[in-house]
Every structure is written in C-alpha cells, then in structure tokens.
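# Examining the three-dimensional arrangement
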Amino acid sequence: MSDWEEETSVTEQADVEPLIARDDGVQRAFLIVLAGGTVGEMFKVPDGEAMIGRSRKADVCLIDDGVSRMHCRILASGDQVWIEDLDSRNGTLINGDKVDGRAQLKDGDKIQVGRTTILKFTYHDSLEQSFQQQMYESALRDGLTKVYNKRYFAERMESEWRFAARHHADLAILFLDLDHFKLVNDRHGHLAGDAVLAAVAGALAHGVRNEDVVARYGGEEFALLLRATPPAAVRGTAERLRRTIEALAVVVGEETIRVTVSIGVACYPEVAAKTAEDLVAAADQALYRAKSDGRNRVSS
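Report on the accompanying structure. (Residues numbered from 1 in each chain as written. Predicted model: local features only at pLDDT ≥ 70, side-chain atom pairs only at ≥ 80, totals over all residues. Heavy atoms only, no water.)

Attention shifts here to the sheet that holds strand β3 (residues 42–44). Here we have six strands laid out as an open sheet, ordered β3-β2-β12-β11-β8-β9, and antiparallel in their pairing. Each edge of the sheet is formed by a strand with only one pairing partner; in this case those strands are β3 and β9 (97–98). (Pairing = 2+ DSSP bridges. Helix = DSSP H or I, 4+ residues; strand = E, 2+ residues; numbered from the N terminus.)

Okay, structure coming up:
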C-alpha cells in the first residue's frame, strides 16, 4: 500500500506521447470473460501453467461463488493449449461438454467454470488485444476519475454478498461524500471541481488494497467495498482515508483547494443484513449520520 502525495497539481503535466498500439502480427492466446462478474475482462495465457479459480492466488481470478478456489488449470506448450479440471465442485465444460481429465482447447472454444462464468478461448494480435482492453476499461471505469463506475460496484457487490452470506464472512461498504462540494464548483469552477474529484479518487485508490473496490457512485460520492476485513480494521481504514482527504491539497492555477469527506460504514455480519441492498442501505444511513453530526467524520 503506497502513500498518496499530499499535493496534487494540475498545472504541471508532462508532455507525454500517447501510447499507440503496434500490430506485431503475433497471435497470442487469451481468455475473455463472456459471462460472470467481470464481463469483457481479458487474461493472457502464459507459457507453462496457469491456475483458474476464485482464490486471489489464482493466475486467473474469477469473482464467482460457484467457482472453486482452484478450479482448473491451463497448460500451454508451443501452439497447443490444454485445460484440466481440478476436481472442482461444479465442474469445467467446453462447449457444453464436461471436461474429464484434460482437454485440448481450440480457437473460439467456450469454457464454463462453475455455474455462471463463461470464458472464451481465442487468439489475438497486439492491436486486437489493445482494442479489447480499452473496451473493457471504458465499460467499467468512470471517465473522469478512472476508478470503477457504479455499474461495476453493483455487480461486484452482488457477487461478494453471495459469498459473504453463504460463508458468514466479513464484508464492508464505505460510502464517502465530499463535504460542501457545491461550493468548490461555485467558487472555483467545474474544471477545478473535476480536478478535486480526480485527486480524491486517486487518494482512495492508493489508500486501500488492490483487491478492494473503489468506485465513483455518483456526483461527489464514492463507494468502497472491502472483503475479508474485520470491523475494527474497516473503521481504522475509514478514519485513515478521512485524514488523507483532509490533508490533500489540490493546486489549480494559482489556487489551492482543500476538501473534507464524510464517511458511512456498514460491516457484515455485524449489521444483520439479509440482502446486499440491506447492507447498502445501512452504509447510506451511516453516511447520513456522519453529515448530520457535523461532517468530516466517520460514522457506522
């Protein structure tokens, strides 16, 4: 976890040549998610062995409760690629046929792992890879802040909730709302407001683990999803993020803009939620309390 610089300037941007994808003509093997939690995500198939599963240690990590922790593996050697089921709970299928032992993959094969996740095995050159990646990012990322969008947060929330509810595992939502943000736009202009939102998003993304989800929920509101984190650690993270935003200085032209944030926290199973919507509502109510109690604080 890296610290976020306390001062962010939008006046000193280096002249960087845009990255242009080059077509090298080399066809490489990929797996593309056609159905499941992260539709459109692309995984390059490496030479040798790659593990597919729900575990964060898997080379291809799939957020789907129906996928086993280590579900199957890909074996690549030269121009041949094989898939092997690892005695998974729900099995591995290729084009509807269950894999018994090991099976060779062909371009265009559709691989079902678990109950709902479907991968497409295909070959792409560098231009096709770049296009696919850009399409995936544009569908899931907020254009201004580059963190995830509300759609992705909602989809991820549902899949994480199903896992947490089944295993009675820790799952937390943080709702963050910038205090008096309308005054920033009124006093400094909307471009300055955009710079503040981007800086806050960057601070949030740098302030949590890679596996946590940071999303722009709407306007000046952000949402964070923390899995497998005890309530005390969640509240500690929330307070640390509050202090980070309070210390953030965004330089726009000759002006320095500072903002504060109110944070609402809801932790399952501490909150007796019966659905994902219940947990979202609890976080929203906690955010309302934080703002009612004076803003620039964490409430749960």
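Moving on, we come to the pattern of salt bridges. Following the criterion strictly, the structure yields 18 salt bridges and no others. With its nearest N and O atoms 3.9 Å apart, the salt bridge here joins Asp-109 to Lys-106. A cluster of three or more residues bridged by salt bridges with shared partners is formed by Glu-49, Arg-73, Glu-84 and Arg-102. (Salt bridge = Lys/Arg side-chain N within 4 Å of Asp/Glu carboxyl O.)

Moving on to the nonpolar core. Grouped together as the largest cluster of nonpolar side chains are 33 residues, with contacts concentrated most on Leu-174, Val-196, Val-200, Leu-204 and Leu-224. Elements with a minimum of two residues in this core: β13 (171–178), α3 (181–188), α4 (190–206), β15 (221–227), α5 (231–247) and β18 (261–268). Sort the elements by how many residues they give to this core and α4 lands first, with nine residues. (Core = buried A, V, L, I, M, F, W, Y, C linked by side-chain atoms within 4.5 Å. Buried < 20%, exposed > 50% of the residue type's maximum accessible area, 1.4 Å probe, protein only.)

All right, on to the environment of Glu-255 then. With respect to the element layout, Glu-255 can be found in strand β17 (residues 255–257). Here Glu-255 falls in the partly exposed class, since its relative accessible area comes to 38%. In this structure the C-alpha to C-alpha distance between Glu-255 and His-188, which are 67 residues apart in sequence, comes to 8.5 Å. Among residues more than four places away in sequence, those in contact with Glu-255 are His-188 and Val-250. Within polar-contact distance, the side chain of Glu-255 engages the side chain of His-188 at 3.1 Å. (Contact = heavy atoms within 4.5 Å. Polar contact = N/O pair within 3.5 Å; in protein donor to acceptor, adjacent residues only side chain to side chain.)

Below, the discussion takes up the packing of aromatic side chains. Taken as a whole and assessed by the stated rule, the structure comprises five aromatic pairs. Where Trp-161 meets Tyr-268, the ring centres are 4.8 Å apart and the plane angle is 65°; that geometry is what we call edge-to-face. Here the residue Trp-161 occupies a position in helix α2 (residues 150–167), and Tyr-268 occupies one in strand β18, the gap between them amounting to 107 residues. For the pair Trp-161 and Tyr-268, a shared accessibility class is recorded, and that class is buried. (Phe/Tyr/Trp six-rings, centres within 6.5 Å; stacked < 30°, edge-to-face > 60°.)

What follows is about the sheet that holds strand β14 (residues 213–218). The strand order β14-β15-β13-β18-β19 describes an open sheet built from five strands, whose pairing is mixed. At either end of the open sheet lies a strand with only one pairing partner, and these are β14 and β19 (298–299). With seven bridges connecting them, β13 and β15 associate as antiparallel partners. Along β15, the bridge assignment pairs Leu-176 with Phe-222. Strands in contact with α4 are β13, β14 and β15; relative to β15, the strand with the most contacts, it is inclined by about 10°. Along the sheet face, α5 touches β13, β15, β18 and β19 and points at about 165° away from the line of β18. (Axes fitted to C-alpha atoms, helices over the stretch in contact; angles between N-to-C directions.)

Our focus in this paragraph is the environment of Trp-161. The exposure class of Trp-161 is buried, given its relative accessible area of 8%. With 96 residues separating them along the chain, Trp-161 and Asp-65 place their C-alpha atoms 9.6 Å apart. Beyond its immediate stretch of four places on either side in the chain, Trp-161 contacts Leu-171, Tyr-268, Ala-273, Lys-274, Thr-275 and Ala-276.

As a further point, take the pairing of β14. Relative to β15, β14 runs antiparallel, the two being bridged by five bridges. Paired with Val-213 across the bridge in β15 is Leu-225. Remark: two residues form the turn of the hairpin made by β14 and β15, two consecutive strands paired antiparallel; Gly-219 in that turn has positive phi of roughly 60°.

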